[in-house]
Amino acid sequence: MITPSIYGCIEAGGTKFILGIVTDTREVLATLRIPTEAPSITIPAALAFFREGAIRHGPYAAFGIASFGPVDVDRRSPSWGHLIETPKVHWSNIDLAGPFAKAFDCPVGFDTDVNGAALAESLWGAAVGADIATYITVGTGVGGGAMVEGRPIHGQRHPEMGHFRPARHPHDTRFDGICAFHGACLEGLASGPAIIARWGASLSDLPADHEAHDIIAHYLAQLVIAQQALLSPRRIIFGGGVMDTSGLLQRVRDQAAILAADYFGVATIDYDALIVSPALGDQVGLMGALALAQRAR
Ligand code: ZN
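All figures in this text were calculated on a predicted structure; none of them were measured in a lab. (Residues numbered from 1 in each chain as written. Predicted model: local features only at pLDDT ≥ 70, side-chain atom pairs only at ≥ 80, totals over all residues. Heavy atoms only, no water.)

Next up on the list: the overall build of the chain. Of regular secondary structure, the chain possesses nine helices and ten strands. What you see for the chain is a C-alpha radius of gyration of 19 Å, in line with the 19 Å of a compact globule of 297 residues. Principal-axis analysis of the C-alpha atoms places the extent of the chain at approximately 60 × 40 × 35 Å. In the chain, buried positions account for 53% of the 297 residues. In the chain, the proportion of contacts linking residues at least 24 apart, taken out of those at least 6 apart, comes to 62%. In the chain, 21 positive and 29 negative side-chain charges are present, and the distance between their average locations comes to 4 Å. (Helix = DSSP H or I, 4+ residues; strand = E, 2+ residues; numbered from the N terminus. Rg over C-alpha atoms; globule rule 2.2 N^0.38 Å. Buried < 20%, exposed > 50% of the residue type's maximum accessible area, 1.4 Å probe, protein only. Contact = heavy atoms within 4.5 Å. Lys, Arg positive; Asp, Glu negative; His and termini not counted. Charge placed at Lys NZ, Arg CZ, Asp CG, Glu CD.)

At their nearest, the axes of helix H6 (residues 211–230) and helix H7 (residues 248–259) sit 8 Å apart, and the two run at 55° to each other. Taken together, the axis directions place H6 and H7 in an arrangement best described as oblique. In terms of crossing hand, the pair formed by H6 and H7 is right-handed. Only Leu-248, Arg-251, Val-252, Gln-255, Ala-256 and Leu-259 of H7 make contact with H6, whose side of the interface consists of His-213, Asp-214, Ile-216, Ala-217, His-218, Leu-220, Ala-221, Gln-222, Val-224 and Ile-225. Among the residues making up the contact of H6 with H7, the classes are represented as ten nonpolar, four polar and two charged. (Axes fitted to C-alpha atoms, helices over the stretch in contact; angles between N-to-C directions. Parallel < 35°, antiparallel > 145°, perpendicular 65-115°, else oblique. Left-handed = near helix turned anticlockwise from the far one by under 90°. Nonpolar A, V, L, I, M, F, W, Y, C, P; charged D, E, K, R; others polar.)

Those donors, His-163 (ND1), Cys-179 (SG), His-182 (ND1) and Cys-185 (SG), are the protein atoms that reach the zinc ion, and they lie 2.1 to 2.4 Å from it. The sequence pattern describing where the donors of the zinc ion fall on their chain is H-x15-C-x2-H-x2-C. His-182 gets classed as partly exposed once you look at its relative accessible area, which sits at 31%. Of the residues examined, Cys-185 reaches a relative accessible area of 0% and is grouped as buried. (Donors = N, O, S within 2.8 Å, 3.2 Å for Na, K, Ca; no water.)

Right, let's get into the pairing of strand E9 (residues 235–239). Every regular strand shows the same layout, with side chains that alternate between the two sheet faces. In terms of burial, E9 is a largely internal element, four of the five residues being buried. Inspection of the sheet shows strand E6 (residues 132–138) paired to E9 by five bridges, in the parallel sense. Bridge pairing links Thr-137 to Gly-239 in E9. Bridge analysis of E9 against strand E10 (residues 275–276) gives two bridges, and the strand direction is parallel. Bridge pairing in E10 places Ile-237 opposite Val-276. (Pairing = 2+ DSSP bridges.)

The next subject is the sheet that holds strand E1 (residues 6–12). Here we have five strands laid out as an open sheet, ordered E3-E2-E1-E4-E5, and mixed in their pairing. Looking at the sheet topology across the chains shown, the edges are occupied by strand E3 (28–35) and strand E5 (108–112). The sheet shows a mean angle of 15° between the axes of neighbouring strands, taken without regard to direction. Where strand E2 (residues 16–23) and E3 come together, seven bridges link them in antiparallel fashion. Looking at the pairing, Gly-20 lines up with Thr-31 of E3. The strands touched by helix H1 (residues 39–57) within the sheet are E1, E2, E3 and strand E4 (62–67), with E2 carrying the most contacts at an inclination of about 15°. With respect to the sheet, helix H3 (residues 113–124) is in contact with E4 and E5, its orientation differing from that of E5 by roughly 105°.

This is a description of form; function is not addressed.
Right, here's the structure in full:
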């Protein structure tokens, strides 16, 4: 009997790490969710989980880490696999990939959480067959990754789609935005904490007729239009906790179609097919890490 390869998979988020031991055929053998505390606590806790897993399931073929950012994804850089200057306290310049490569003596695939998600959705989910696809998460922060012809985009660093500046909604001119760097960028206006900062509740807890729904959809639709203008994706996938709000995805589709102003082939584009939820659901982060691990092997 051939033993299937197993992979150590890490979805490293700003509030939680999701750890998984996953087979080549995407079967999750073990999983654990731990809070993101200081690196000196969280990284050893993750190492302990995977050490115990190795005793039970055998050695890992590779690790995959899909991380919150910003991160260094340049393989030629001495700080590859590290977080870069991040507003997340204690995590700037932390080596995330190194401890796992060293402890388990195997290759490590490393990328942003959203690039990992875009990769997983293009392999197994909503973007199969799409030569250009993007994945956007709207949660604690706003981020976006892009797949172009089978490869996640890196370039000088990696895309930072949450930090572009949308035009202000006419009913939302008094709020300064909460981005530590830009104030009223998309993340500063439309992330979960930005919603709570101006309306005192998460979007899903506000009444369906509250103007917050249209305001947030208006900002997210501007990212759709920007992507159509700059990248021409065939699929735009919206994940993250804020997107669990009932009706939000449809509002984004409706507003994007209006903002497109009969351009981008609006007459022929099916916005219901262009703008979708992750087909991999809650597992998209872990599957992104798996895809990165398989590529690193
Ligand atoms: Zn920003």
